[in-house]
Amino acid sequence: MSLSPALYATWSPRLLGLLRIILGFLFLQHGTAKLFGAPHVAMFDGLQLLSVMGAAGVIELVGGSLLLVGLFTRPVAFILSGQMAAAYFMAHAPNGFLPILNGGEMAVMYCFTFLYFAAAGAGAYSLDGLRGKASA
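Residues numbered from 1 in each chain as written. Predicted model: local features only at pLDDT ≥ 70, side-chain atom pairs only at ≥ 80, totals over all residues. Heavy atoms only, no water.

A.B. asks: If you had to explain the side chain of Lys 34 to someone new, which residues and values would you point to?
C.D. replies: Checked against the element boundaries, Lys 34 lands in helix α1 (residues 5-36). Setting aside residues up to four positions removed in sequence, Lys 34 forms contacts with Phe 44, Leu 47, Met 53, Ala 56, Gly 57 and Glu 60. (Helix = DSSP H or I, 4+ residues; strand = E, 2+ residues; numbered from the N terminus. Contact = heavy atoms within 4.5 Å.)

A.B. asks: Can you explain the UniProt feature "transmembrane region" (unreviewed entry) in the protein? Please cite residues and give values.
C.D. replies: Cross-referencing UniProt, the feature "transmembrane region" (unreviewed entry) maps to residues 47-69, 76-95 and 107-127 in the present numbering. Note that residues 76-95 is 85% helix and 0% strand, and that its end C-alpha atoms are spaced 29 Å apart. (UniProt positions renumbered as here; feature names shortened; annotations may be inferred.)

A.B. asks: Explain the packing of helix α3 (residues 73-92) against helix α5 (residues 105-120) to me, and be specific about the residues and the numbers.
C.D. replies: In a packed pair of helices, the relevant descriptors are the angle between the two axes and the axis-to-axis distance. Two elements in contact, α3 and α5, have axes whose closest approach is 7 Å; the angle formed by their N-to-C orientations is 160 degrees. By the angle between their axes, α3 is roughly antiparallel relative to α5. Note on packing geometry: the crossing formed by α3 with α5 is left-handed. Taken together, the residues of α5 that come into contact with α3 (itself represented by Thr 73, Arg 74, Ala 77, Phe 78, Leu 80, Ser 81, Met 84, Ala 85, Tyr 88 and His 92) are Ala 107, Val 108, Tyr 110, Cys 111, Phe 114, Leu 115, Phe 117, Ala 118, Ala 119 and Ala 120. Across the contact of α3 with α5, the residue classes tally to 16 nonpolar, three polar and one charged. (Axes fitted to C-alpha atoms, helices over the stretch in contact; angles between N-to-C directions. Parallel < 35°, antiparallel > 145°, perpendicular 65-115°, else oblique. Left-handed = near helix turned anticlockwise from the far one by under 90°. Nonpolar A, V, L, I, M, F, W, Y, C, P; charged D, E, K, R; others polar.)

A.B. asks: Can you lay out a nonpolar patch on the surface for me, pointing to particular residues and giving the numbers?
C.D. replies: Together, Leu 3, Leu 7, Tyr 8, Trp 11, Leu 15, Leu 18, Ile 22, Phe 25 and Leu 26 make up a nonpolar patch on the protein surface, roughly 870 Å² of accessible area in all. In this structure, Leu 7 sits in helix α1. By relative accessible area, Leu 7 is classed as partly exposed at 36%. (Patch = residues over 30% accessible without salt bridge, like charges linked within 9 Å, V, L, I, M, F, W, Y side chains within 5 Å. Areas by Shrake-Rupley, 256 points an atom, 1.4 Å probe, with all protein chains shown as cover. Salt bridge = Lys/Arg side-chain N within 4 Å of Asp/Glu carboxyl O. Buried < 20%, exposed > 50% of the residue type's maximum accessible area, 1.4 Å probe, protein only.)

A.B. asks: Can you tell me about the packing of aromatic side chains, naming the residues and giving the values?
C.D. replies: Taken as a whole and assessed by the stated rule, the structure comprises five aromatic pairs. The interplanar angle of 15 degrees and the centroid separation of 5.6 Å between the aromatic rings of Tyr 110 and Phe 114 together place this pair among those described as stacked. A residue pair is termed a helical-turn pair when its members lie 3 or 4 positions apart in one helix, as Tyr 110 and Phe 114 do in helix α5 at four residues. Classification of Tyr 110 by relative accessible area gives buried; the value is 7%. Judged by its relative accessible area of 0%, Phe 114 is buried. Ring pairs connect the aromatic residues Phe 27, Tyr 110 and Phe 114, which therefore count as one cluster. Of note, Arg 14 hangs over the ring of Trp 11, and the distance from its end group to the ring centre comes to 4.9 Å. (Phe/Tyr/Trp six-rings, centres within 6.5 Å; stacked < 30°, edge-to-face > 60°. Lys NZ or Arg CZ within 6 Å of the ring centre and 35° of its normal.)

This is the structure:
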């Protein structure tokens, strides 16, 4: 049994949009945890806004929100991909080469998933799509 190209054409943008929404929601939580303490992550207690982690929290809050709604998806995803690459090399790579051993698997996954969105666009269910942009 083969699936028709029409089925792929119908569902690919929908699943891309769903992936973007879930990814944006998950990433947004990093920003809210750092900046607002919700959800509470003990590692972020006493975080200063004018620090590298504070700046990361602002990028995660704004970028995660924009990604969630699919607004300016391509440039936002490109910036977030760069942030995750920097996070990996600053926080994880010094602890060893392999991401599974240095705790950097999620940073790598976020980095390359954001990079994919920078190339592919927002998919369905996005404000970019409502604005009629090619990134939808």
